[in-house]
Amino acid sequence: MKNSYHFSAKPWQFSGKGGWIFVSFPKEISIEIRLAFKEYEEGWGRLKCEARIGNTTWKTSIWFDAKQNTYLLPLKNQIRIKEKIILDKIIDVMIMI
């Protein structure tokens, strides 16, 4: 059985090299996931999961950002185009671990 987590957030762009687009998890959900699944994290706080936005579900990983104390979901260009995701517009996200 998979645990699922639902939240809404605004995508944002990393200012460093590559300019990746991410969605930050709410702190409460990050704490809950970290307590339940930290032992399954791989290097750099990477945790495999499935994500769903709109009608698109894909296998991916979330990353724990120690500076923000939250998980981040990277949004690949293919997903952003398919779901018409734009920066700073709230989207609904479901994560299954």
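Only a predicted model underlies this, so the values are computations on that prediction, with no experimental measurement involved. (Residues numbered from 1 in each chain as written. Predicted model: local features only at pLDDT ≥ 70, side-chain atom pairs only at ≥ 80, totals over all residues. Heavy atoms only, no water.)

Trainee: Help me understand the pattern of salt bridges in this model?
Mentor: Where side chains of opposite charge bring their charged atoms close, a pairing between them can arise. A full pass over the atoms with the stated rule returns four salt bridges. Salt-bridge contacts for Glu-41 lead to Arg-34; the nearest nitrogen and oxygen are separated by 2.8 Å. With its nearest N and O atoms 3.6 Å apart, the salt bridge here joins Glu-42 to Lys-48. One connected set of salt bridges, linked through shared partners, spans Glu-42, Arg-46 and Lys-48. (Salt bridge = Lys/Arg side-chain N within 4 Å of Asp/Glu carboxyl O.)

Trainee: It is not clear to me how the packing of aromatic side chains should be interpreted in this structure. Could you clarify?
Mentor: Note on aromatic pairs: each is described by the distance of the centres and the angle between the planes. The final tally for this structure, using the stated rule, is five aromatic pairs. Among the aromatic residues, those joined into a cluster by ring pairs are Phe-7, Phe-25, Phe-64 and Tyr-71. One Lys or Arg, Arg-34, reaches over the ring of Phe-64 and ends 3.7 Å from the middle of that ring. (Phe/Tyr/Trp six-rings, centres within 6.5 Å; stacked < 30°, edge-to-face > 60°. Lys NZ or Arg CZ within 6 Å of the ring centre and 35° of its normal.)

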